[in-house]
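# Remarks on the overall topology
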Amino acid sequence: MADMNGSPTPARLEGKLTAIVVCWVLGLGTLVAWNTMLTVGDYYYALFPRYHPARVLTLVYEPFALGTIAILAYKEAKIDTRKRNLAGFTLFFLSTFALLILDLATSGKGGIGNYIGICIIVAVFGIADAHIEGGMVGDLSLMCPEFIQSFFAGLAASGALTSALRIMTKAAFDKTNHGLRKGVILFLAISTFIELLCIFLYAFVFPKLPIVKHFRAKAASEGSKTVTADLAAAGIQTQGDNDDKQLNRLSNKQLFFQNIDYALGVFLTYVLTLSIFPGFLYENTGNHKLGSWYAIVLIAMYNVWDLIARYIPLIECLKIESRKGLMVAIISRLLFIPAFYFTAKYGDQGWMIMLTSLLGLTNGYLTVCVFTAAPKGYKGPEQNALGNLLVLFLLGGIFAGVALDWLWLIGNGSF
């Protein structure tokens, strides 16, 4: 086993498998609340049919996520990663619980007041996501590639899990009174529990694993200040003479220009994906034999293949490490735009399901390839900074994609 720099990790260190599992659960917790919102879109379309929930809620979520990560990425060298990640998981727990309480208190009624309340909670989701995603990616970039791959697999697993649960709850409750709402309440309860579990795992389990302590101590010796609180939680005190080492690291500007292809690649990947998913799949795929199940099936296929694809780079012969190769693969995804347009207009639902599966497959695969390749060769503080920069471009791509998604409505005359 080697770290991000290719240096061998001492064999005596224990806890690698446990760390991989914990990273997966933390990734799950990072997006399970938001994916719950996306997956139960049919419920919100029933409550707010005139307000384009899939598009509006995503458009509310992303500016708060992007604005928060921009501030945190700029200040990353001075921010305590432990406090940052715990703040994010706590915000997710409180806001998911608030969403559950709002639905129970209003008895699942529609109306502009309830819609605004949901939008406010979604904005908090965005702030929480920026805290965790940038914090975790920066932190795991200090460690071995398997950890960051597992975290990203957990992000995708949140979508696959919510899709599977949505299909089961729709099948179980579809014919009962208020069946759609019962499924949503169950979803929100499960999401709230997962967020609470993530708080416990990150606060009390992850920092005490020997392999995690090793990588964080190594980063601290290279001048990283972001790991100090996590090391203290594990009973390791760091010396306070790392200022000179911190000054010797590359600046964020230098890191950006050295990795501009990776940053642009992540941006383009998520611009393309979010210009189609989820809004286009909910509103622009027409009526089909599957009826109300159609959008749910499409979202599920995207999520399942996105998850599967994030494990493919673990097979070395299937992993793209060439920077030029990654850019070619990323740019070629632009062909999805005409493909989705003509399939929605003229194609069969089987072709749409296949296209959606390929969208998820390429999204997950390219995400892991970029985020595991980029930190190699840098020191701990630089790896943390680069991880935050890449997440900034990821969220920027999501925001741009969500904005462009509205062009499908304009093109179809749906306004």
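Every value quoted in this text rests on a predicted model; they were computed, and no experiment measured them.

Two elements in contact, helix H1 (residues 16–39) and helix H6 (residues 145–173), have axes separated by 6 Å at closest approach and are oriented at 40°. On the basis of their axis angle, the class for H1 and H6 is oblique. H6 is crossed by H1, and the crossing has right-handed handedness. Considered class by class, the residues forming the contact of H1 with H6 number 14 nonpolar, eleven polar and three charged.

The next point concerns the packing of helix H5 (residues 112–140) against H6. A pair of packed helices can be characterised by two numbers: the angle between their axes and the separation between those axes. Two elements in contact, H5 and H6, have axes whose closest approach is 9 Å; the angle formed by their N-to-C orientations is 155°. Compared by their axis directions, H5 and H6 come out roughly antiparallel. In terms of crossing hand, the pair formed by H5 and H6 is left-handed. Of H6, the residues touching H5 (which contributes Glu133, Met136, Val137 and Leu140) are Phe147, Ile148, Phe151, Phe152 and Leu155. Its residues assigned to classes, the contact of H5 with H6 shows eight nonpolar, no polar and one charged.

This brings us to a nonpolar patch on the surface. A grouping of Phe193, Leu197, Phe200 and Phe204 is seen on the molecular surface, where their side chains present a nonpolar patch of about 420 Å² in accessible area. Tracing the sequence through the fold places Phe204 in helix H7 (residues 179–205).

A few words on the environment of Leu186. Tracing the sequence through the fold places Leu186 in helix H7. Between the alpha carbons of Leu186 and Leu165 there is a distance of 9.2 Å; along the sequence they are 21 residues apart.

What counts and how
- Starting from 1, residues in each chain are numbered consecutively following that chain's sequence as written.
- Predicted model: local features are reported for residues with pLDDT of at least 70 only, side-chain atom pairs are reported and counted for 80 or more only, and whole-chain, interface and lining totals are derived from all residues.
- Hydrogens and waters are ignored; side-chain quantities use all the structure's heavy atoms.
- Every angle, taken between N-to-C directions, lies between 0 and 180 degrees, and every axis is a line fitted to C-alpha atoms, over only the stretch in contact when it is a helix.
- Numbering of helices and strands runs from the N terminus, with a helix taken as a DSSP run of H or I at least four residues long and a strand as a DSSP run of E at least two residues long.
- Any angle that falls under 35 degrees is termed roughly parallel, while one over 145 is termed roughly antiparallel, one within 65 to 115 roughly perpendicular, and all others oblique.
- What makes a crossing left-handed is the near helix being turned counterclockwise from the far one by less than a right angle; a clockwise turn instead makes it right-handed.
- Asp, Glu, Lys and Arg are counted as charged, while Ala, Val, Leu, Ile, Met, Phe, Trp, Tyr, Cys and Pro are counted as nonpolar; the rest, among them Gly, fall into the polar class.
- Pairs of residues are marked as contacts when any of their non-hydrogen atoms sit within 4.5 Å.
- Every patch collects residues that have over 30% relative accessible area and no salt bridge, joining them within 9 Å if they carry like charges and within 5 Å if they are nonpolar side chains (Val, Leu, Ile, Met, Phe, Trp, Tyr).
- Per-residue and other accessible areas were derived by the Shrake-Rupley procedure at a 1.4 Å probe size, with only the shown protein chains allowed to occlude residues.
- Put simply, a salt bridge is a Lys or Arg side-chain nitrogen that is within 4 Å of an Asp or Glu carboxyl oxygen.

Any functional reading would require information that these geometric values do not contain.
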